[in-house]
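Topology and contacts: notes
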Amino acid sequence: MFVYVTRLFWLVAQPLSLATLLLIVGVVFGFTRWRWLSRGSLVLGLAIILICSFTTFGYLLIQPLEARFARPAEPAQIAGIVVLGGGMRSATNPAGGDFELNRSGDRMVEAVRLALRHPEAKVLITGGAGPMAPGRQPEAVTGEKMLRAFGIADDRILLEPKARNTEENAQFSKALVAASGIESGTWLLITSGFHMPRAVGLFRRAGFDVVPWPADFLSDGTETVGIRLDDSGENLAVATMALREWIGLVAYFLTGRIDEVLPGPAPAN
């Protein structure tokens, strides 16, 4: 139930959807005696669009998420690599081949790079089709095609194609690795930098000891409060992802799925 509730909530709460609803309310109530509500809705809806699309708002929100985990020195030996879904387009155009990367495709690029450098390492791809697109090909299956295309042997690839969210990514990956008897050694966790805090919190809760290996950074870490007019579409996308991640962190904390709002590096022993 949690999976569906969160997806439906975000369908309405994401900035563009919320702004659109407010603008619709503003237009509708403009024809009634409650014109004060119309004006308020129109102003608020327009403000959301302007702030998210033409300022550094999204980058300021995403900076602390991406800065939470620094990528460590590369281990000499790696037992396995866990790469979270979210970097592949599960619905591909046949004219373009068997797999395509989306805006978070750096996750898969980094997984391939490490897999080629560490031929002893297993590569576990976790990601299903998602609760809102049950007919699509699971991301794990699409990711497997990419690994094979780069020469990663089948006996090194582990697929977890059922997870619908990050919590299930952690739980199902832990179960798969445990059932395969390959838990010992160093396992790297690859996901987008802004997503790493929530992912680490959930993998800790699942009892899967991983080394965070962030990829796919959206902020250069130097943005300050200001206007940003050069790429409104990208600004809106970054703001949307940042807001979703912060809301997700709070929701997972309040429902007891992670132990702190913003999980960070484990204390040194």
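Just so you know, these numbers come straight off a predicted model, no measurement behind them. Numbering of residues starts from 1 in every chain and runs along the sequence as written. Residue-level local features of this predicted model are given only where pLDDT is at least 70; pairs of side-chain atoms are given and counted only at 80 or more, and the full residue set underlies all totals for whole chains, interfaces and linings. To get the side-chain values, all heavy atoms of the structure are used, and hydrogens and water are removed first.

A residue counts toward a patch only above 30% relative accessible area and without a salt bridge, and it is joined to like-charged neighbours within 9 Å or, for Val, Leu, Ile, Met, Phe, Trp and Tyr, to nonpolar neighbours within 5 Å. All accessible areas in this document rest on Shrake-Rupley with a 1.4 Å probe, and a residue is counted as covered only by the protein chains that are shown. Any Lys or Arg side-chain nitrogen located within 4 Å of an Asp or Glu carboxyl oxygen qualifies as a salt bridge. Together, Tyr4, Leu8, Leu11, Val12, Leu21, Ile24 and Val28 make up a nonpolar patch on the protein surface, roughly 620 Å² of accessible area in all. Under the DSSP-based scheme used, a helix requires at least four consecutive residues in state H or I and a strand at least two consecutive residues in state E, with every element numbered from the N terminus. For the nonpolar patch, the secondary structure elements donating two or more residues are α1 (2–13) and α2 (15–29). Tracing the backbone through its elements, the reader meets Leu8 in helix α1. Taking the relative accessible area as the measure of exposure, Leu8 reaches 48% and is therefore partly exposed. Residue exposure (1.4 Å probe, protein chains only): buried if accessible area is under 20% of the type maximum, exposed if over 50%, otherwise partly exposed.

Moving on, we get to unusual backbone geometry. Phi angles above zero are rare outside glycine, and Asp216 is one such case at about 60°. Along the chain, Asp216 turns up in the loop between β5 (211–215) and α9 (232–254).

This paragraph deals with α2. By this rule the span expected of a helix is its residue count minus one, scaled by 1.5 Å. The end-to-end C-alpha distance of α2, which contains 15 residues, comes to 21 Å, matching closely the 21 Å that a straight helix rising 1.5 Å per residue would cover. On its buried side, α2 packs onto α1, α3 (35–54) and α9. Should any heavy atoms of two residues lie within 4.5 Å, those residues are counted as being in contact.

Another point: the packing of aromatic side chains. One pair of aromatic rings is described through two measures. These are the centre distance and the angle between the planes. Paired rings are identified among Phe, Tyr and Trp, the last through its six-membered ring, by centres lying within 6.5 Å, and are further divided according to the angle between planes into stacked (under 30 degrees), edge-to-face (over 60) and tilted (the rest). Going through the model one piece at a time under the given rule, you end up with three aromatic pairs. Where Phe29 meets Trp34, the ring centres are 6.1 Å apart and the plane angle is 55°; that geometry is what we call tilted. Residue classification places Phe29 among the partly exposed positions, given a relative accessible area of 24%. Between Trp187 and Phe208, the aromatic rings sit 5.8 Å apart at their centres with planes inclined by 70°, giving edge-to-face as the arrangement. Of the two residues, Trp187 is situated in strand β4 (residues 187–192) and Phe208 in the loop between α8 (196–206) and β5; the sequence distance between them amounts to 21 residues. A relative accessible area of 1% means that Trp187 is categorised as buried.

With that out of the way, let us pick up the packing of α2 against α3. Relative orientation of the contacting elements α2 and α3 amounts to 155°, with a least axis distance of 7 Å. What the angle tells us is that α2 and α3 run roughly antiparallel. Considering only the axes of α2 and α3, their crossing is left-handed. The residues of α3 that touch α2, namely those facing Pro15, Leu18, Ala19, Leu22, Leu23, Val25, Gly26, Val27 and Phe29, are Arg35, Leu37, Ser38, Ser41, Leu42, Leu44, Gly45, Leu46, Ile48, Ile49 and Cys52. Just so you know the grouping, Ala, Val, Leu, Ile, Met, Phe, Trp, Tyr, Cys and Pro go in nonpolar, Asp, Glu, Lys and Arg go in charged, and all remaining residues, Gly too, go in polar. Here the residues of the contact of α2 with α3 are counted per class, giving 15 nonpolar, four polar and one charged. Where helices are involved, their axes are fitted lines through C-alpha atoms of the stretch in contact, as for all axes, and angles between N-to-C directions lie from 0 to 180°. Any angle from 65 to 115 degrees is called roughly perpendicular, while one under 35 is roughly parallel, one over 145 is roughly antiparallel, and all others are oblique. Crossing chirality is assigned from the near helix's rotation relative to the far helix, an anticlockwise turn below a right angle marking it left-handed and a clockwise turn marking it right-handed.

Glancing now at the sheet that holds strand β2 (residues 122–126). Any two strands between which DSSP finds at least two bridges are classified as paired. Taken together, five strands build an open sheet; the order of strands is β3-β2-β1-β4-β5 and the sheet is parallel. The open sheet has two edge strands, β3 (157–160) and β5, and neither has a second partner. Direction aside, the axes of adjacent strands within the sheet are offset by 20° on average. Inspection of the sheet shows strand β1 (residues 80–84) paired to β4 by four bridges, in the parallel sense.

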